[in-house]
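Chain by chain, the residues:
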Amino acid sequence: MTGTNAGPEDVLKFWLEDIGPAGWYSSSEDLDADIRARFEELWNDAQAGKLNHWLTNPTDALAFLILTDQFPRNMFRDTGKAFSSDRLALTAAKLAIEKGWDMRIEAPERQFFYLPMMHSENLCDQDRCVRLMCERMPESRDGNLLHARAHREVIRQFGRFPYRNAALSRSFTAQETSYLKQGGYGRTVKQLRENRVAA
């Protein structure tokens with residue numbers, strides 16, 4: 001089911017069952033196009049405030065977060081629009097966590113309540129994401145927790161994600177250009193992993 005005829009159950013079935021963990025972080029033009037065809041109209045409804053009734057229970061809230069935080073990164077890859085519903089997702093995530101809904105969802109799906117904070121260019125949100133990953137998804141040490149710490153390190157260093165600059169038409173600082181030339185985010189992850197092993 002696509003467009004405005006789709007509901008939270010369609011988002012969850014597609015992302016959690018049809019795609020599954022193996023496909024959540026892979027990059028594919030076919031997947032991006034499929035998500036666009038199925039869910040762009042629904043995402044527009046979320047942007048217009050027409051899906052706020054999804055934020056009334058844990059499973060529908062999970063679908064809302066996937067729709068507003070994950071899907072735009074596929075649908076609008078490499079454009080500023082990919083981040084245009086981040087604030088909506090972040091607000092919804094904080095509301096859901098305050099209600100304890102994240103703990104009503106099993107891992108690994110629980111991560112989607114925390115990823116809007118990982119995607120935030122705000123250090124307080126980054127700190128909270130790391131803390132939640134540590135406390136509520138400790139089994140994710142080599143996955144989500146490592147990446148949460150890497151995102152936080154980038155924000156600590158630059159106050160924003162330099163690898164978004166082109167998509168958002170932001171000017172690069174000399175430090176950001178140097179960082180990206182030296183490996184960027186991948187290098188940050190590698191350094192954190194090596195430091196942890198060394199410790």
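- For the chain, the name recorded in an unreviewed UniProt entry is DUF924 domain-containing protein, with Sulfitobacter indolifex HEL-45 as its organism.

### Overview of the overall build of the chain
No. 1: What the chain contains, in helices and strands, is ten helices and zero strands.
No. 2: Mapped from its N terminus to its C terminus, the chain presents α and β elements in the order α-α-α-α-α-α-α-α-α-α.
No. 3: Over its C-alpha trace the chain gives a radius of gyration of 17 Å, about what one expects of a compact globule, namely 16 Å for 199 residues.
No. 4: Dimensions of the chain, computed from C-alpha atoms along their principal axes, come out at roughly 50 × 35 × 30 Å.

### Some words on the environment of S85
No. 1: You can see S85 is positioned in the loop between helix 4 (58–75) and helix 5 (86–98).
No. 2: Once the C-alpha coordinates of S85 and R73 are considered, the two residues, twelve residues apart in sequence, prove to be 9.9 Å apart.
No. 3: Excluding its chain neighbours within four sequence positions, the residues that come into contact with S85 are W43, Q47, T68 and P72.

### Notes on the packing of aromatic side chains
No. 1: Inspection of the entire model under this criterion finds ten aromatic pairs.
No. 2: On the numbers, 6.5 Å between centres and 20° between planes, the contact of W15 with W24 is stacked. An identical accessibility class is assigned to W15 and W24; each is buried.
No. 3: Among the aromatic residues, those joined into a ring-pair cluster are F14, W15, W24, F39, F71 and F112.
No. 4: One residue, R164, lies across the ring of F83, its end atom 4.4 Å from the ring centre.

### So, helix 1 (residues 8–19)
No. 1: Between the first and last C-alpha of helix 1 there are 15 Å, a value that for twelve residues agrees with the 16 Å anticipated at 1.5 Å per step.
No. 2: Considered for burial, the residues of helix 1 that qualify are P8, D10, V11, L12, F14, W15 and L16.
No. 3: Of the surrounding elements, those touching the buried residues of helix 1 are helix 2 (21–24), helix 3 (29–47) and helix 4.

### Observations regarding the pattern of salt bridges
No. 1: Here the structure, examined in full by the defined rule, presents 13 salt bridges.
No. 2: Taking the shortest distance from any N to any O, the salt bridge between D18 and K13 comes out at 3.0 Å.
No. 3: On the basis of relative accessible area, K13 is assigned to the partly exposed category, the value being 43%.
No. 4: R73 is the salt-bridge partner of D86, the closest N and O atoms lying 2.9 Å from each other. Remark: R73 occurs in helix 4 and D86 occurs in helix 5; sequence separation between them is 13 residues. Neither residue differs from the other here; D86 and R73 are each classed as buried.
No. 5: Here the residues in one salt-bridge network are D69, R73, D86 and R164, joined through shared partners.

Cut-off values and rules
Residues numbered from 1 in each chain as written. Predicted model: local features only at pLDDT ≥ 70, side-chain atom pairs only at ≥ 80, totals over all residues. Heavy atoms only, no water. Helix = DSSP H or I, 4+ residues; strand = E, 2+ residues; numbered from the N terminus. Rg over C-alpha atoms; globule rule 2.2 N^0.38 Å. Contact = heavy atoms within 4.5 Å. Phe/Tyr/Trp six-rings, centres within 6.5 Å; stacked < 30°, edge-to-face > 60°. Buried < 20%, exposed > 50% of the residue type's maximum accessible area, 1.4 Å probe, protein only. Lys NZ or Arg CZ within 6 Å of the ring centre and 35° of its normal. Expected span 1.5 Å × (residues − 1). Salt bridge = Lys/Arg side-chain N within 4 Å of Asp/Glu carboxyl O.

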